[in-house]
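Each chain, written out:
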Amino acid sequence: MAKLTCRSAFISDVHLGTPDCKAAYLLDFLRSVDCERLYLVGDIVDLEALAKRHWWHPDHSAVIAELIAMAARGVEVIYIPGNHDYQMRGLAGSTIAGIRVELDALHEGADGRRYRVSHGDEFDPDHIGKRWLTVLGDAMHRMICWANRRMHSVRRRMELPYVPLSIIIKSHVGMAMSYIRGYEQRVAADAAERGLDGHICGHIHFGHMRPINGILYLNDGDWVEHCTALVEDFSGAMELVHWTERYTPLGRASRETVLPSPEAVLAFAPLADCRNDLSDLTSMEPSLVG
């Protein structure tokens, strides 16, 4: 695809070191994006998974090499560890191969809006656990990821574009959506208390843009299920994009408006009946499904 030129880019939840990581798509994105600043918003290398099972693909090494190359070219790369690479938090304040490690960051957009950037696991309620998957159960999440991987393999052989199965499932499971909505509210409330305009995070594997009581909630999604990134243009507007065989804008948030993309909703709707599900997905609160 053509170069994607932007001021800043945000990616998270890559989970290098796991079979579900879509490293090839991410590598293409990194090689296509031309930005001044790149935020790695946690769970980039899944150290937790690697401690249990040694699994690594050459594409995963290529992603790390590309990140180092971007830093060497002068891109400011900031690594904010998450809960799956929390060991990196002990290196906060250090620079590794040109990549700066921080616990969180304050990002000022080109339009003057100020955002806290963090992985987002600090907003998990103690009584629920670390992620929405604890609501549905670990076994259910593993099954969804397995099905997503299998479907992707079949569609790739048929030369069909990638479809994130899990976004379809999450968007139609009430308990999952209830957890996601509560999480978004907690993130927005924290940003309001800090006197900021918004918060940029990842963690829950659900890319989303949503204004909440004057606060802009931005979730850059993941590269396990949805293959999404958040990019800021030179006017300060934020855009959530899906990047696989195709580039699909999922929405845009400027100072004035937060707009969803109808074609993106269709692209992420169930395969059986896209038209019916379009009305279901867009009937949610004025926000972005990604």
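Located above this text is the structure these notes cover.
This is a predicted model, so every value here is computed, not measured.

> What is the right way to read the sheet that holds strand E12 (residues 215-219) from this model?
Consider a sheet: its strands pair through backbone hydrogen bonds, and that pairing is either parallel or antiparallel. Spatially, five strands are ordered E8-E9-E10-E12-E11 in an open sheet, and the strand pairing comes out mixed. Strands with a single pairing partner mark the edges of an open sheet, and in this sheet they are strand E8 (105-108) and strand E11 (208-212). Averaged over all neighbouring strand pairs, the angle between strand axes comes to 20 degrees, with direction disregarded. The pairing of strand E9 (residues 114-117) with strand E10 (residues 198-201) spans three bridges and is classified as parallel. Following the sheet pairing, Val117 is matched in E10 by Ile200.

> I tried to follow a nonpolar patch on the surface on my own but got confused; where do I start?
Together, Trp56, Ile64 and Ile68 give the surface a local cluster of nonpolar side chains, amounting to about 230 Å² of exposed area. In this structure, Ile64 sits in helix H3 (residues 58-72). The exposure class of Ile64 is partly exposed, given its relative accessible area of 31%.

> What exactly am I supposed to notice about the environment of Asp28 here?
Positionally, Asp28 belongs in helix H1 (residues 23-32). You can call Asp28 partly exposed: its relative accessible area is 29%. Here the alpha-carbon distance between Asp28 and Glu245, two residues 217 residues apart in the chain, equals 9.5 Å.

> Help me understand the pattern of salt bridges, please; the structure alone is not making it clear to me.
Pairing between side chains of opposite charge can happen when the charged atoms of each approach one another. As enumerated under the stated definition, the model contains 15 salt bridges in all. Note that Glu102 and Arg100 form a salt bridge whose closest N and O atoms lie 3.1 Å from each other. By relative accessible area, which is 23% here, Glu102 ends up partly exposed. Between Asp190 and Arg194 there is a salt bridge, with the nearest N and O atoms lying 2.7 Å from each other.

> So what exactly am I meant to see when it comes to the packing of H1 against H3 here?
The relative placement of two packed helices is expressed as an angle between their axes plus a distance between the axes. The N-to-C vectors of H1 and H3 enclose an angle of 20 degrees; their axes lie 9 Å apart at closest approach. Judged on the interaxial angle alone, H3 and H1 are roughly parallel. Every pair of crossing elements has a handedness; the one defined by H1 and H3 is left-handed. Residues Ala23, Ala24, Leu26, Leu27, Leu30 and Arg31 of H1 lie in contact with H3, whose contacting residues are Asp59, His60, Ala62, Val63, Glu66, Leu67 and Met70. Considered class by class, the residues forming the contact of H1 with H3 number nine nonpolar, one polar and three charged.

> Would you mind showing me how to read the packing of aromatic side chains here?
Each aromatic ring pair is described using two quantities: the centre-to-centre distance and the angle formed by the ring planes. The final tally for this structure, using the stated rule, is five aromatic pairs. Where Phe10 meets Tyr39, the ring centres are 4.7 Å apart and the plane angle is 0 degrees; that geometry is what we call stacked. Taken together, the residues span a long stretch of sequence, with Phe10 in strand E2 (residues 8-11) and Tyr39 in strand E4 (residues 37-40) at a distance of 29 residues. In terms of burial, Phe10 and Tyr39 fall into one category: buried. When the ring of Phe29 is compared with that of Trp243, the centres are 5.4 Å apart and the planes differ by 80 degrees; the resulting orientation is edge-to-face. A residue pair is termed long-range when its members are at least 10 positions apart, and Phe29 in helix H1 and Trp243 in strand E14 (residues 238-243) qualify at 214 residues. Across the pair, Trp243 and Phe29 agree in class, each one buried. Members of the aromatic cluster, each reached through a chain of ring pairs, are Phe29, Trp223, Trp243 and Tyr247.

> Mind showing me how you'd approach the environment of Tyr162 here?
As for its placement among the helices and strands, Tyr162 is situated in the loop between helix H5 (138-157) and helix H6 (165-171). The exposure class assigned to Tyr162 is buried, which follows from its relative accessible area of 1%. For the pair Tyr162 and Glu225, spaced 63 residues apart in sequence, the C-alpha separation works out to 9.9 Å.

> I would appreciate a short explanation of unusual backbone geometry in the present structure.
Most of the time, phi is negative for any residue but glycine, and the peptide bond is trans. Here the phi dihedral of Asp13 falls at roughly 50 degrees; this positive angle occurs in a residue that is not glycine. Turning to its location among the elements, Asp13 is positioned in the loop between E2 and H1. The backbone of Cys227 shows a phi angle near 55 degrees, a positive value even though the residue is not glycine. Checked against the element boundaries, Cys227 lands in the loop between E12 and strand E13 (228-232).

Rules used in this analysis
- Residues numbered from 1 in each chain as written.
- Predicted model: local features only at pLDDT ≥ 70, side-chain atom pairs only at ≥ 80, totals over all residues.
- Heavy atoms only, no water.
- Pairing = 2+ DSSP bridges.
- Helix = DSSP H or I, 4+ residues; strand = E, 2+ residues; numbered from the N terminus.
- Axes fitted to C-alpha atoms, helices over the stretch in contact; angles between N-to-C directions.
- Patch = residues over 30% accessible without salt bridge, like charges linked within 9 Å, V, L, I, M, F, W, Y side chains within 5 Å.
- Areas by Shrake-Rupley, 256 points an atom, 1.4 Å probe, with all protein chains shown as cover.
- Salt bridge = Lys/Arg side-chain N within 4 Å of Asp/Glu carboxyl O.
- Buried < 20%, exposed > 50% of the residue type's maximum accessible area, 1.4 Å probe, protein only.
- Parallel < 35°, antiparallel > 145°, perpendicular 65-115°, else oblique.
- Left-handed = near helix turned anticlockwise from the far one by under 90°.
- Contact = heavy atoms within 4.5 Å.
- Nonpolar A, V, L, I, M, F, W, Y, C, P; charged D, E, K, R; others polar.
- Phe/Tyr/Trp six-rings, centres within 6.5 Å; stacked < 30°, edge-to-face > 60°.

By themselves, these figures tell us nothing about what the structure is for.
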